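Commentary on secondary and tertiary structure
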Amino acid sequence: MATKLYQHVLALAFAIHEINENPKLLPNVTLGFHVYDSYHNVMMTYRSILDVLFRSPRLAVNYRCASQKNVIAVIGGLGSDISFRMADILGLYKIPQLTYGSFASEERDTTQSPRFFRMVSNETHQYRAIIQLLLHFRWIWVGLIVVDDESGDNFLQVLELLFSQNGICSAFTQRIPTQPSWHAESEPSKWGSKIHPHFIGSKASTILIYGETMTFMWLTTTLLLEFPRYKEITSPQKIWITTAQIDLALISLQRGLDFQLFHGTIAFRIHSNEPAEFQKFLHSIKPFGTQGNGFLKDFWEQAFDCSFPNFQEPEKTSETCTGEEKLESLPGPVFEMSMTGHSYSIYNAVYTVAHAMHAMYSSPSNCRATVKGENMKQQDLQPWQVLPVSLCTDCCHPGYQKEKKEREKFCCYDCVPCPEGKVTNQKDMDDCVICPDDQYPSKNQDDCIPRIISFLSYQEPLGISLASVALCFSVTTVWVLRTFIKHRDTPIIKANNRDITYILLVSLLLCFLCSFLFLGRPTKITCLLRQAAFGIIFSVAISCVLAKTVTVVLAFLVTKPGSSMRKCVGKKLTHSIVLSCSLIQGGIVVVWLRTSPPFPDLDKQSLAMEIIAECNEGSVIMFYIVLGYMGLLSIICLLVAFLARKLPDAFNEAKFITFSLLLFCSVWVSFFPTYLSTKGKYVVAVEIFSILASSAGLLACIFFPKCYIIILRPELNKKGKLKGRKY
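To keep things clear, this report deals only with the structure shown in the data block. This is a predicted model, so every value here is computed, not measured.

Our next topic: the environment of Tyr39. As for its position among the elements, Tyr39 is in the loop between helix H1 (6-21) and helix H2 (42-53). Given the relative accessible area of 53%, Tyr39 is considered exposed. Along the primary structure Tyr39 and Met1 are separated by 38 residues, whereas in three dimensions their C-alpha atoms are 9.8 Å apart.

Taken in spatial order, the three strands line up as E17-E19-E18 in an open sheet, and their pairing is mixed. Every other strand in the sheet has two partners, leaving strand E17 (452-454) and strand E18 (599-603) as the edge strands with one partner each. Ignoring strand direction, the axes of neighbouring strands in this sheet form an average angle of 30°. As paired elements, E18 and strand E19 (residues 610-616) share five bridges and run antiparallel to each other. In the sheet register, Leu602 faces E19, and the bridge partner there is Ala613.

If you walk through the whole model with that rule in mind, you get three cavities of 30 Å³ or more. As for the largest cavity, its lining consists of Ser80, Ser102, Phe103, Glu123, Val147, Ser151, Tyr210, Gly211, Glu212 and Gln245.

Before going further, it helps to examine helix H3 (residues 80-90). With eight of its 11 residues buried, H3 lies for the most part within the structure. Where H3 is concerned, the buried positions are Ser80, Ile82, Ser83, Phe84, Met86, Ala87, Ile89 and Leu90. On its buried side, H3 packs onto H2, strand E1 (74-75), strand E2 (97-99), strand E3 (116-118) and helix H5 (150-165).

All chains considered together, the criterion is met by 11 salt bridges. Here Asp153 and Arg175 are joined by a salt bridge, their closest N and O atoms 2.8 Å apart. With Asp153 in helix H5 and Arg175 in strand E5 (residues 169-176), this pair connects stretches of sequence that are 22 residues apart. Judged by relative accessible area, which is 42%, Asp153 ranks as partly exposed. Two residues, Lys405 and Asp414, come together in a salt bridge whose shortest N-O distance is 3.8 Å. Connected through salt bridges with shared partners, the residues Asp148, Asp153 and Arg175 form a single ionic network.

If you walk across this open sheet you meet the three strands as E1-E2-E3, and the pairing is parallel. In this open sheet, the two edge strands, each paired with only one partner strand, are E1 and E3. Looking at chain direction, E2 and E3 are connected through three bridges and run parallel. Its bridge partner being in E3, Leu98 is matched across the sheet by Phe117. The sheet strands contacting H3 are E1, E2 and E3, and the helix crosses E2 at an angle near 170°.

Applying the stated criterion to the full structure yields 27 aromatic pairs. Between Phe534 and Phe538, the ring centres sit 5.2 Å apart and the planes meet at 55°, which makes this aromatic pair tilted. Of this pair, Phe534 and Phe538 both sit in helix H14 (residues 524-558), separated by four residues, roughly a single helical turn.

Before going further, it helps to examine the packing of helix H13 (residues 498-514) against helix H18 (residues 681-712). Look at H13 against H18: their axes get within 9 Å of each other, and the N-to-C directions meet at 155°. In terms of orientation, H13 lies roughly antiparallel with respect to H18. Two packed elements cross with a definite hand, and for H13 against H18 that hand is left-handed. On H18, the residues touching Thr501, Leu504, Leu505, Leu508, Cys511, Phe512 and Cys514 of H13 are Ile691, Leu692, Ser695, Ala696, Leu698, Leu699, Ile702 and Phe703. For the contact of H13 with H18, the residue count by class is 13 nonpolar, two polar and no charged.

For the rest of this paragraph, the subject is a nonpolar patch on the surface. A cluster of nonpolar side chains, contributed by Trp479, Tyr708, Ile711 and Leu712, occupies part of the molecular surface with about 410 Å² of accessible area. Residue Tyr708 is classed as partly exposed on the basis of its relative accessible area, which comes to 40%.

Our next topic: the pairing of strand E7 (residues 239-242). Alternating positions in E7 separate into two faces, Ile239 and Ile241 on one and Trp240 and Thr242 on the other, with burial throughout. Bridge analysis of strand E6 (residues 206-210) against E7 gives four bridges, and the strand direction is parallel. Bridge pairing in E7 links Ile207 to Trp240.

As a further point, take the nonpolar core. Ranked by size, the top nonpolar core spans 72 residues in total, and within it Phe484, Leu504, Phe534, Phe538, Val545, Ile688 and Phe703 carry the most contacts. Put simply, the parts of the chain that give this core at least two residues each are helix H11 (461-486), helix H12 (491-494), H13, H14, helix H15 (571-595), helix H16 (620-643), helix H17 (653-677) and H18. Sorting elements by how many residues they give to this core places H18 first, with 15 residues. Ignoring any residue separated from it by four or fewer positions in sequence, one finds Phe534 in contact with Cys514, Phe518, Leu529, Leu627, Met630, Trp668, Glu687 and Ile691. If you look at the next biggest cluster of nonpolar residues, it comprises 44 residues, including Ala11, Phe14, Leu26 and Ala349.

Quick notes on the rules
Residues numbered from 1 in each chain as written. Predicted model: local features only at pLDDT ≥ 70, side-chain atom pairs only at ≥ 80, totals over all residues. Heavy atoms only, no water. Helix = DSSP H or I, 4+ residues; strand = E, 2+ residues; numbered from the N terminus. Buried < 20%, exposed > 50% of the residue type's maximum accessible area, 1.4 Å probe, protein only. Pairing = 2+ DSSP bridges. Axes fitted to C-alpha atoms, helices over the stretch in contact; angles between N-to-C directions. 1 Å grid on protein atoms, 1.4 Å probe; cavity = no way out; pocket = protein on both sides within 12 Å on 5 of 7 lines; lining within 4 Å. Points joined across faces, edges and corners; volume = space filled by probe spheres on them. Contact = heavy atoms within 4.5 Å. Salt bridge = Lys/Arg side-chain N within 4 Å of Asp/Glu carboxyl O. Phe/Tyr/Trp six-rings, centres within 6.5 Å; stacked < 30°, edge-to-face > 60°. Parallel < 35°, antiparallel > 145°, perpendicular 65-115°, else oblique. Left-handed = near helix turned anticlockwise from the far one by under 90°. Nonpolar A, V, L, I, M, F, W, Y, C, P; charged D, E, K, R; others polar. Patch = residues over 30% accessible without salt bridge, like charges linked within 9 Å, V, L, I, M, F, W, Y side chains within 5 Å. Areas by Shrake-Rupley, 256 points an atom, 1.4 Å probe, with all protein chains shown as cover. Core = buried A, V, L, I, M, F, W, Y, C linked by side-chain atoms within 4.5 Å.

Structure representation (structure tokens):
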């Protein structure tokens, strides 16, 4: 006997006692009850039901052969299988049946059995609570031990679906019998050899058990009897979870076993309450004071492990029962003093029948009573100890993603690093994600770091250096221009077309100054002016150099006797060359600005850790047309200067122009591959360097020799000396 379950009988007796003592409920009516044992056997269940209906020394179905008391209702059973077997017969005789166990809603449609009532809500709430519990503690690799009957089949069908929907996997599923044999010696060993392999080396630290109290008692006995054989290789650190149908009860066979394996078991319970007089009722129970209770004596002997004197049988070695033993001294698995959920359901079932009868007797219209089951109240679980994890695979850390293993459940996976450019900032992520455009992955790919906005500023060393060089060359150009204006009437300046010289110096000054447009964060104005000013000013400078070179060639041709080129030489020609060449470039720039002007933009693709603030050229084709036109002017000027390099001494400025243009072209030829291969703010630095280097080359090669003569060798700055001087 499972002595703990005897409280169900006591709850029934207590409820009947309260109702019979209550003058307002069923007055002049006395309720009685019979208790039958189903023995967890189908055949004995049918036999007991027939005994209830047709009680006689000799069973005769459908005949009442002796005095019989009216059966108003039947309460039972605890398990779904027994309850439904009872309903098959009771439904034929239209006798109401009230069950006090928790069953799956799919197992039996109550509309097909209108006299079948449940005192406890179905197991749907329990399934949800199980899932919430597993997810709360991250137990996603769970072993299942399930009773092998229809209710177990339904449990697995529903739970496996919920598992897959919530990312939980079953490590193993072991079915256990509904009617185990307690007598065969080989039975525990047989089932122990089947169950224990699931514990050896398994990563499943959580085991969920579904069944009934007797099923759990058989399972614990099997494991504890066989546990010494596997103790060295079996980890006891398991978390056991039992469903609401299971009570942690002991039988006499289990008293001496070590239950350390099951310490910390988490059990779901049906909602319960404590009737006011129940404790007093339990204290009043004595084995000699109750007539007609054949179970009480057996309960007392098994609960207190003693025996009552029996002079017809040989004396037993166990202690003698005095009848004064205290129920409160018994441990919880043997007997509980507080009313359990199942006992409370029986208590409510008795009152339900009583109130229905009372309503029927009080109202001739036969008011129909309705029955409401109590919802299972999910308790807030608090961990009281360090709980082990229950995972098939250790969790994937940030920076890694799951990769499914072939031919294994989805809870078993490998952890692989995120691909380049992706991150995971949480554990157990299915896929890595790309950082937003304004962020980049960390080194460990476990976080997204904000990207800084990069541009060539005045505050950084490179920007300061380029600005200083540009300013220095600008001051130098101003000084050269001032020197030339101051000595404008000297032969060396008159001989080289003063107007074109002044225009060239001013354009070089503007070339140096326009490099400042490339420094700092780009704006709409600076982007519009940057390439436009650069293209036009450089074209003016090269046009001036071309005009000076053409002037040298024409001046040489004019000196030949009978030359017809004398009419072509003059300011109009040089001014026309400068103006026409500059206007062509100006027209190109205007078309560019009207069709697809440059604009400030953010480049988020070139560099991983930076966002480049740049001027988008708008039309790359127009940008290269501007550069191409400048290159064409430079090549024409270089060819003309190269052809004029061997002219007489007085016109030998072509040599310096040739050298300056060689330097100019070398700088811009090397600019293109460097510009295309550089990224970020260094692209701007390359362009500024090219502007400064090419402008400085023109300034130094063309004007520094003349400044040398004007300042350091003024005695050579005479018409007679100039003609005979080679410089």
